[in-house]
Amino acid sequence: MKKSEIISALAERTGVTKADAERIYNETFNIFKEELAKGNSIAVNGFGTFKVSERNARNCRNPKTGETINVPAHKAVSFKVGSELKKSVN
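An account of the accompanying structure is given in this report.

What counts and what doesn't
Residues numbered from 1 in each chain as written. Predicted model: local features only at pLDDT ≥ 70, side-chain atom pairs only at ≥ 80, totals over all residues. Heavy atoms only, no water. Helix = DSSP H or I, 4+ residues; strand = E, 2+ residues; numbered from the N terminus. Rg over C-alpha atoms; globule rule 2.2 N^0.38 Å. Buried < 20%, exposed > 50% of the residue type's maximum accessible area, 1.4 Å probe, protein only. Contact = heavy atoms within 4.5 Å. Areas by Shrake-Rupley, 256 points an atom, 1.4 Å probe, with all protein chains shown as cover. Pairing = 2+ DSSP bridges. Axes fitted to C-alpha atoms, helices over the stretch in contact; angles between N-to-C directions. Expected span 1.5 Å × (residues − 1). Arc of directions from axis to C-beta. Salt bridge = Lys/Arg side-chain N within 4 Å of Asp/Glu carboxyl O.

**What to know about the overall build of the chain**
Working step 1: When its secondary structure is counted, the chain shows three helices and five strands.
Working step 2: Taken from the N to the C terminus, the helices and strands of the chain come in the order α-α-β-β-β-β-β-α.
Working step 3: Computed over its C-alpha atoms, the radius of gyration of the chain comes to 19 Å, more than 25% above the 12 Å expected for a compact globule of 90 residues.
Working step 4: With the principal axes as the frame, the chain shows a C-alpha extent of 55 × 30 × 30 Å.
Working step 5: When burial is assessed residue by residue, the chain has 14% of its 90 residues classed as buried.
Working step 6: Sequence separation of at least 24 residues holds for 27% of the intrachain contacts in the chain that already meet a minimum separation of 6.
Working step 7: If you sum the accessible surface of the chain, you get close to 7400 Å²; carbon and sulfur atoms cover 52% of it.

Structure representation (structure tokens):
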């Protein structure tokens, strides 16, 4: 499902205009980005939890050339599925 399809579905299900639905969609994900950038986790009851994890620096190998590459430490976003979502998918 693409962004435009989600916005159309939001507008249809809630009875708001597509413009309002798009603003709500954009602001929801802006809040997610801001909170994750601060290092906070986001728990959506029944859906799952987004959190920031620290990845250590490591050496790895380019499989094409065999060259050793240093990958610096960085942060990554992880997602843990909630039980209700897991049940609805299965």
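So, next bit.
**Digging into the sheet that holds strand S1 (residues 42–44)**
Pairing between the strands of a sheet is mediated by backbone hydrogen bonds and can be parallel or antiparallel.
Working step 1: Spatial strand order, S1-S2-S5: three strands in an open sheet with antiparallel pairing. Unpaired on one side and paired on the other, S1 and strand S5 (74–81) mark the two borders of the sheet. Sheet twist, expressed as the mean angle between neighbouring strand axes with direction ignored, is 25°.
Working step 2: Here strand S2 (residues 48–55) pairs with S5 via eight bridges, running antiparallel. Across the sheet, residue Arg-55 finds its bridge partner in S5, namely His-74.

**Here's the deal with helix H1 (residues 3–14)**
Working step 1: In this model H1 runs 16 Å from its N-terminal to its C-terminal C-alpha over 12 residues, within 8% of the 16 Å that 1.5 Å per residue would give.
Working step 2: Just beyond H1, the residue with positive phi is Gly-15, at close to 80°.

**Remarks on helix H2 (residues 18–37)**
Working step 1: When the terminal C-alpha atoms of H2 are compared, their 28 Å separation across 20 residues agrees well with the 28 Å that a helix rising 1.5 Å per residue should span.
Working step 2: Considered for burial, the residues of H2 that qualify are Ala-21, Tyr-25, Phe-32 and Leu-36. On an axial view of H2, the arc spanned by its buried residues comes to 35°, and they lie on one face. Of the residues in H2, the exposed ones pointing more than 90 degrees away from the buried face are Arg-23 and Ala-37.
Working step 3: Downstream of H2 by one or two residues, Gly-39 has phi in the positive range, about 95°.

**Comments concerning the pattern of salt bridges**
Working step 1: With the rule as written, the count across this model stands at two salt bridges.
Working step 2: The closest approach of N and O atoms between Arg-23 and Asp-20, which form a salt bridge, is 2.1 Å. With a gap of three residues between them, Arg-23 and Asp-20 both fall in helix H2, about one helical turn apart.
Working step 3: For Asp-20, a relative accessible area of 29% translates into the label partly exposed.
Working step 4: Between Lys-38 and Glu-35 there is a salt bridge whose closest N-O contact spans 3.3 Å.

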